[in-house]
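Architecture at a glance
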Amino acid sequence: MEQRNILVLGAGGQLGTELVRELRAVHGPGRVIASDIREKPEMSEGGPFEQLDILNQKGLGDLFNRQKISQVYLLAALLSASGELRPGEAWDLNMRGLLQVLELARQHHCQVFWPSSIAVFGHSAPRISCPNEAVQEPSTVYGISKSAGELWCRYYFERYGVDVRSVRYPGLISYEAVPGGGTTDYAVEIFEAAVSGRHYPCYLRADTRLPMMYMPDAIRAALEIMAAPAARLSVRTSYNVAAVSFTPRLIAASIQRHIPELSWESVPDYRQKIAESWPGSIDDSLARHDWNWKPRYGIKEITDDMIAHVTPEKSQQMMEKI
Ligand code: AKB
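Right, let's walk through the structure included here. Treat the numbers as computed from the prediction; the structure is a model and nothing was measured.

Turning our eyes to something else, we now look at a nonpolar patch on the surface. Taken together, the side chains of W152, Y155 and Y160 present a nonpolar region at the surface, about 280 Å² in accessible area. By the secondary structure assignment, W152 is in helix α6 (residues 141-160). Exposure remark for W152: the relative accessible area of 33% places this residue in the partly exposed category.

Right, let's talk about the packing of helix α7 (residues 186-196) against helix α9 (residues 248-256) for a bit. Taken N-terminus to C-terminus, the directions of α7 and α9 make an angle of 30°; their axes are 11 Å apart at the nearest point. Between α7 and α9, the angle is such that the two are roughly parallel. Seen from above, α7 lies across α9 with right-handed handedness. In contact with Y186, I190, F191 and A194 of α7, α9 contributes P248, I251, A252 and I255. Its residues assigned to classes, the contact of α7 with α9 comprises eight nonpolar, no polar and no charged.

This next bit is on the pairing of strand β2 (residues 32-36). Summarising burial for β2: five of the five residues are buried, a large majority. Burial of the side chains of β2 extends over both faces: V32, A34 and D36 are buried on one face and I33 and S35 on the other. Across four bridges, the pairing between strand β1 (residues 5-9) and β2 is parallel. Note that in β2 the partner of L9 across the bridge is S35. One crossover worth recording links β1 to the parallel β2 by way of helix α1 (residues 14-27), and it is right-handed. Of the strand pairs in this sheet, β2 and strand β3 (residues 49-51) are connected by three bridges, and their pairing is parallel. Bridge pairing in β3 places A34 opposite F49. Handedness of the crossover joining β2 and β3 through helix α2 (residues 41-46): right-handed.

Reading the values: rules and limits
Here the residue numbers are simple positions, counted from 1 along each chain's written sequence. Per-residue local features are limited, in this predicted model, to residues with pLDDT of at least 70; the limit for side-chain atom pairs, both in listing and counting, is 80 or more; totals at the level of whole chains, interfaces and linings are taken over all residues. Side-chain metrics rest on all non-hydrogen atoms present in the structure, leaving aside hydrogens and water. Excluding any residue in a salt bridge, patches collect residues exceeding 30% relative accessible area, merging like charges within 9 Å and nonpolar Val, Leu, Ile, Met, Phe, Trp and Tyr side chains within 5 Å. Only the protein chains shown count as cover for residues, and all accessible areas are computed by the Shrake-Rupley method using a 1.4 Å probe. We define a salt bridge as a contact between a side-chain nitrogen of Lys or Arg and a carboxyl oxygen of Asp or Glu at a distance within 4 Å. Put simply, DSSP H or I for four residues or longer makes a helix, DSSP E for two residues or longer makes a strand, and each gets a number counted from the N terminus. For the exposure calls, accessible area comes from a 1.4 Å probe over protein chains only, and a residue counts as buried if that area is under 20% of its type's maximum, exposed if over 50%, partly exposed in between. Axes here refer to lines fitted to C-alpha atoms; in helices the fit is confined to the stretch in contact. Angles between the N-to-C directions go from 0 to 180 degrees. In what follows, roughly perpendicular refers to angles from 65 to 115 degrees, roughly parallel to angles under 35, roughly antiparallel to angles over 145, and oblique to any angle outside these ranges. If you view the pair so one helix is near and one far, a crossing is left-handed when the near helix is turned anticlockwise from the far one by less than a right angle, and right-handed when it is turned clockwise. In this description, contact between two residues means that some pair of their heavy atoms is separated by no more than 4.5 Å. Asp, Glu, Lys and Arg are counted as charged, while Ala, Val, Leu, Ile, Met, Phe, Trp, Tyr, Cys and Pro are counted as nonpolar; the rest, among them Gly, fall into the polar class. Being paired, for any two strands, means DSSP has found at least two bridges between them. A right-handed crossover is one whose linking path, passing over the helix from the first strand to the second, runs clockwise when the strands point away from the viewer.

Below is the structure:
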């Protein structure tokens, strides 16, 4: 039987970098095509790489025609903080990118993974243990695009049978690639500052609680929902997935168990308002019930692993990319 390939769009970002590595380890390097708007030499060394802007409709169509694709992971997006600085661009990339991929997935019979976010929720949703079906009144362009995107995913599933699967990620913490343009990025930056001995001015208030997740859990969530039997999935918009929930004060204290000299202060900026519009914790019981989702990393495990991997050199390289 002919082997079909897996395509990761937006592969050079925080999630894509590690997802591509994992997919290549599971399926073999030749079967996983990484694609990003920027050239990524480290990715082309490990397997096929295509430099492509997903808004280039013809280029994207040609890629689907050239490669036999069975699964697409669409990760290219502008996140919440950058989206507020460039609203038109965020809407265009996040929505037009998704619609183009859904349409190609329909034509080529591909399964799709598309990440949504806790940003779909706004002030009217419960702040604690926000349920899967809570009212969505997002206050950011990013949140609006994710909320509308969830409905488009369900529409393509119900109308055309496209097998689209989605989870609502909280803030993602990792050391391989820097997050870019999110409101939750402080939770990575504070580790880099701690390890390199720099003072960290945190742009959120010390008591701002947000849901967070460590990258290995985030990768596993994507792979597990994609592998789940279709009949088990009762949600075709997106599933809440939770792991931990903490404030800047709590993560700083956790880091200070390893690096007591960490010096930081709270200097809130426009991102404070975004964070305050999101739930502080989410209820993921539907994901647990439907496809056995269970996180493995708590705040202690995240801190221990980040401290073991973020070196001053790595931190410097990452800061230069920000
Ligand atoms: C962001 O902060 O924009 C993202 C997210 C929560 O989706 N990390």
